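Here is what each chain is made of, one letter per residue.
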Amino acid sequence: MMLEQDTGLSLAIAQIVQRLKGSSLHSQLERQARGSLHKPEIKLESLKEDIKEFLKISGWEKRLQNAVYSELNVFPSPCHPAAPPEHMKEPLVYMRKAQGSWEKRILKSLNSMCTELSIPLARKRPIGEQKELLNKWNEMGTDEPDLTLFRPVYAPKDFLEVLMNLRNPNYENGDQPSFRNHLGLIQVPLKVKDIPELKDYFSELGLNTGQLGIDDSTQVPPELFENEHVRVGQTVLTEQDSAAAQQYIRQGCPTALRAELWALILNISNQPEDILYYEQLKSNVIQHDLLVDSLIYKDVKLTASNDDYYFVFEDYLYQVLLCFSRDTSVLEHFSYNSATPPKSYIRGKLGMEEYAVFYPPNVAPLCFLYHEPSKLYQIFREMYVRFFFRLHSISSHPSGIVSLCLLFETLLQTHLPQLFYHLREIGAQPLRISFKWMVRAFSGYLATDQLLLLWDRILGYNSLEILAVLAAAVFAFRAVNLMEVTSLAAAEAVLADLSTLKVMPLLQIFLFATVT
C-alpha cells in the first residue's frame, strides 16, 4: 500500500514538474536564479542553498508554491502508469461513448446549419471587414446582424434528455425495478454524498461559523465578524498564498477583496505576456470569421442582452467569448475532460469550433469584478477549465453534471420524499425544473451579490457539488407552495423567480438545521 502511495506521489510530482517546465514561470525563475549569482550573499560553496534562500526572500518561492497548488487543484491525480490516456479523461467506458454520441449530434447540427445557410465553418475576413470589426471592437453590442436563420445548437432540455437515457450496461437490477431506481430521472449508479458526508465536507458553512452572506449571527454581531474577516482577507492578500485564500473564501469573500482573492486562488497575475496573448487572440478574431461567432452573437442577444443585471456588459461578453473560441491553450483541459474538441483549420491556423458558445451567462457575473478585458478573459478561461466545462460534458466526476443531477434527486428523495413523490405524480419531475439552474451555475437566476457568494464557495471547496445542494434547498424552501401545485407549469411558476433568495441561509438550513 505504501509503495502504491509513493508511486502515485512520484507520478504526481513528475507530472507537475513536466507541466511547469514549459511555463513562463519556469523561465522567470531561471532568469532570477542566474541574476542572483552576481550578489555578494551567494557563495559558491553553498550555491544551491543560497539561491533557494534568495528565491524565498524575493517572493519567487511563493509564486512557485501557488503554481504547484494550482496544478494540484486543476489536474486529476495521475492514474496507474499503464492506464491509457482516455482513462484519465473518463474512467467509465459507457460515459465516454455517451459523450462521443452527444458530440456527434452537436457537430451534425453545426454541419447541417452550414449546409442549409451555405456558409463555411471558418473563413478569412476580407480586409475591409477586418477594419470595420476593429473599429467597433468596444461597441459590438450596437451591431444588429440578422441572425434569424441561425438556431441554437442545443437547449438545456435536449442535454437533459441525453442524461436521462444514460444506462450502465454492466448494472442489472433484474426484472423487478427497485423503488429508488425508478423515482428519479437519472438512472446511473454513481456514488454521491449523503447529508452527513455533505455536512462534513462543507463544515465551514456550519451554523456556528461566521459567514458573509448571513445578516444575523447568534454568536457574534455581524459587523464585528465582517471587520475581522476583512482584516484576515487583507493579510491573506499580503501573503499572496493561494492555499490560504482558498480556505479563507469558504466563509465568503468581502466585496472589496473578491476580485484579487479570486485571481490569487486561480493563480492569475495578468503579466505583460498574458496581455500580449489576449491581443493575439483578438487579432485572430479580427482576421478570421467562424460559424460560432454568429452563435455567440445570438446567444448573448437572447440571454445577457435581456437580463436586468448583465445587459450593460454585452460588449465585454462578445470580446471574451470570441477570443475564447480561438484560444488553443484551452485544448489542454481536454486531457482531463471526457469531451473531444472538434477543430477547424484556416490555412494552418487552428480554431476551436466547440464549447464557449452555448452559455454566456457564466461569463457575465465576472464582469462585475474585472473591468480590464485581458484579466476578465483569463479569469473566465480559468473558471471554465476548472469548473464550468463539467456542466456541459458527460462524465462520472463528482462535480460533473450527471453526478450533480443524481445528488440533487437523491437529496430530495431522501429528505423530502412526499414532495418528490407529489411532483413526480403530477408530471413535474423536480430535475426538469432545477437542471437549467445547475447547468448555468445559477447565473441569470440569483441576484448578483448572492451568485458571487455562491461562487465563492465553489472556488473555496474546488467543487460544484454545492450547486446541487442549493437546488435541493430551494425546493425545500418552497415545499409548502409546491405541495399545492397540480401541474409542471404551476410548479415552474412557483420557482420562476429566485432573485429574492438568500443563498447562505438556504444552504445552512438545508444542511445543518434539518433533522436527518
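Only a predicted model underlies this, so the values are computations on that prediction, with no experimental measurement involved.

Right, let's talk about the overall build of the protein chain for a bit. The secondary structure content of the protein chain amounts to 24 helices and four strands. Here the protein chain, with 516 residues, has 50% of them falling under the buried criterion. Accessible surface, the protein chain: about 24,500 Å² in total, of which carbon and sulfur atoms supply 55%.

The next subject is empty space enclosed by the protein. Taken as a whole and judged by the stated rule, the model has one cavity of 30 Å³ or more. For the largest cavity, the calculated volume is near 30 Å³. Asp274, Tyr277, Tyr278, Tyr377, Gln378 and Arg381 are the residues that line the largest cavity. Contributions of two or more residues to the lining of the largest cavity are made by α13 (272-287) and α16 (373-386). Classifying every residue of the lining of the largest cavity gives three nonpolar, one polar and two charged.

Our focus in this paragraph is the layout of surface pockets. Considered as a void within the structure, the largest pocket measures approximately 1,400 Å³ in volume. Ser24, Asn267, Ile268, Asp274 and Glu382 are the residues nearest the centre of the largest pocket, which is lined by 39 residues in total. Counting only elements with at least two residues in the lining of the largest pocket, the list comes to α1 (2-21), α2 (24-36), α4 (60-74), α12 (255-265), α13 and α16. When residues of the lining of the largest pocket are assigned to their parent elements, the largest contribution, seven residues, is made by α4. Its residues assigned to classes, the lining of the largest pocket shows 14 nonpolar, 14 polar and 11 charged.

A few words now on the environment of Tyr384. Here Tyr384 is to be found in helix α16. When its relative accessible area of 1% is taken as the criterion, Tyr384 is described as buried.

This part takes up the side chain of Arg258. Relative to the assigned elements, Arg258 resides in helix α12. Given the relative accessible area of 3%, Arg258 is considered buried. Apart from residues no more than four positions distant in its own chain, Arg258 is found in contact with Cys253, Leu369, Tyr370, Leu452, Leu453 and Asp456.

Our next topic: the pattern of salt bridges. Here the structure, examined in full by the defined rule, presents 16 salt bridges. One salt bridge connects Glu465 with Lys193, and the closest N-O pair in it is separated by 2.8 Å. On the criterion of sequence distance, the pair formed by Glu465 in helix α21 (residues 465-477) and Lys193 in the loop between α8 (156-164) and α9 (195-201) is long-range, its members being 272 residues apart. By relative accessible area, Lys193 is classed as partly exposed at 23%. One network of salt bridges, in which partners are shared, links Arg123, Arg125, Glu129, Asp289, Asp293 and Arg326.

A separate point is α21. The end-to-end C-alpha separation of α21 is 19 Å, in line with the 18 Å expected for 13 residues at 1.5 Å each. Residues of α21 that are buried include every one of Glu465, Ile466, Leu467, Ala468, Val469, Leu470, Ala471, Ala472, Ala473, Val474 and Phe475, and no others.

Take the packing of aromatic side chains next. Using the criterion set out here, one finds 16 aromatic pairs in the structure. On the numbers, 5.0 Å between centres and 75 degrees between planes, the contact of Phe324 with Tyr384 is edge-to-face. With Phe324 in helix α15 (residues 314-324) and Tyr384 in helix α16, this residue pair connects regions lying 60 residues apart in the sequence. For the pair Phe324 and Tyr384, a shared accessibility class is recorded, and that class is buried. Among the aromatic residues, ring-to-ring pairing joins Phe324, Phe380, Tyr384 and Phe389 into one connected group.

Here we take up the environment of Asp327. By the element assignment, Asp327 lies in the loop between α15 and β3 (343-346). In this structure the C-alpha to C-alpha distance between Asp327 and Leu281, which are 46 residues apart in sequence, comes to 6.6 Å. Within the local environment of Asp327, its side chain forms a polar contact with the side chain of Tyr277, the two groups lying 2.4 Å apart.

For the pair helix α14 (residues 291-302) and α15, the least separation of the axes is 10 Å and the interaxial angle reads 150 degrees. Regarding the angle of α14 to α15, the classification is roughly antiparallel. Note that α14 runs across α15; the crossing there is right-handed. Across the interface between the two elements, Asp293, Ile296, Tyr297, Val300 and Lys301 from α14 touch Glu314, Leu317, Tyr318, Leu321 and Leu322 from α15. For the contact of α14 with α15, the class distribution of residues is seven nonpolar, no polar and three charged.

Looking now at the confidence of the model for the protein chain. Detailed reading of the predicted coordinates is not advisable wherever pLDDT is low. On average, residues of the protein chain score 83 in pLDDT, and 87% of them reach the 70 mark or higher. Per-element confidence in the protein chain is highest for α21, whose mean pLDDT is 97, and lowest for strand β4 (residues 349-352), whose mean pLDDT is 40. Across residues 344-361 the pLDDT falls below 50, and counting only partners more than four positions away or on other chains, this stretch makes 68 contacts in the model.

The next thing to look at is the packing of helix α17 (residues 401-415) against helix α19 (residues 430-439). Contact pair α17 / α19: the axes reach a minimum separation of 11 Å and the direction vectors enclose 135 degrees. In terms of axis orientation, α17 runs oblique to α19. The two elements α17 and α19 cross, and the hand of that crossing is right-handed. Together, Ile401, Leu404, Cys405, Phe408, Glu409 and Leu412 of α17 and Pro430, Leu431, Ser434, Phe435, Met438 and Val439 of α19 make up the contact between the two elements.

How each quantity is defined
- Per chain, the residues get numbers from 1 upward, laid out in the order the sequence is written.
- pLDDT decides what is reported in this predicted model: residues at 70 or higher carry local features, side-chain atom pairs at 80 or more are listed and counted, and totals for whole chains, interfaces and linings draw on all residues regardless.
- In computing side-chain properties, one takes all heavy atoms of the structure into account and sets aside hydrogens as well as water.
- Strands are runs of DSSP state E lasting at least 2 residues, helices are runs of H or I lasting at least 4, and numbering of each runs from the N terminus.
- Remark: exposure states derive from per-residue accessible area (1.4 Å probe, protein chains only) relative to the maximum for the residue type, with buried under 20%, exposed over 50%, and partly exposed in between.
- Each accessible area value is a Shrake-Rupley result obtained with a 1.4 Å probe; residue values ignore everything except the protein chains displayed when judging cover.
- In the cavity and pocket records, a cavity denotes points on a 1 Å grid over the protein atoms alone where a 1.4 Å probe fits but cannot get out, a pocket denotes an open set with protein on both sides within 12 Å along at least 5 of 7 lines, and lining residues are residues with an atom within 4 Å of a point.
- Grid points are joined across faces, edges and corners, and a volume is the space filled by probe spheres set on the points.
- Ten residues, namely Ala, Val, Leu, Ile, Met, Phe, Trp, Tyr, Cys and Pro, are considered nonpolar, four, namely Asp, Glu, Lys and Arg, are considered charged, and the remaining ones, Gly among them, are considered polar.
- Note on contacts: a residue pair is in contact if any heavy atoms of the two residues lie within 4.5 Å.
- By salt bridge we mean one thing: a side-chain nitrogen of Lys or Arg within 4 Å of a carboxyl oxygen of Asp or Glu.
- Expected span, for any helix, means 1.5 Å times one less than how many residues it has.
- What counts as a ring pair is set by centres within 6.5 Å for rings of Phe, Tyr and Trp (its six-membered ring), and what kind of pair is set by the plane angle: stacked under 30 degrees, edge-to-face over 60, tilted for all other angles.
- For this analysis, a polar contact is any N or O atom pair within 3.5 Å, provided that within protein one partner can donate a hydrogen and the other can accept it, and provided that sequence-adjacent residues contribute only side-chain to side-chain pairs.
- Between N-to-C directions, angles span 0 to 180 degrees; the directions come from axes that are lines fitted to C-alpha atoms, helices contributing only their stretch in contact.
- An angle below 35 degrees is read as roughly parallel, one above 145 as roughly antiparallel, one from 65 to 115 as roughly perpendicular, and any other as oblique.
- A crossing counts as left-handed when the near helix is turned anticlockwise from the far one by less than a right angle, and as right-handed when that turn is clockwise.
- By definition, pLDDT measures how confident the predictor is in each residue, and it falls between 0 and 100.

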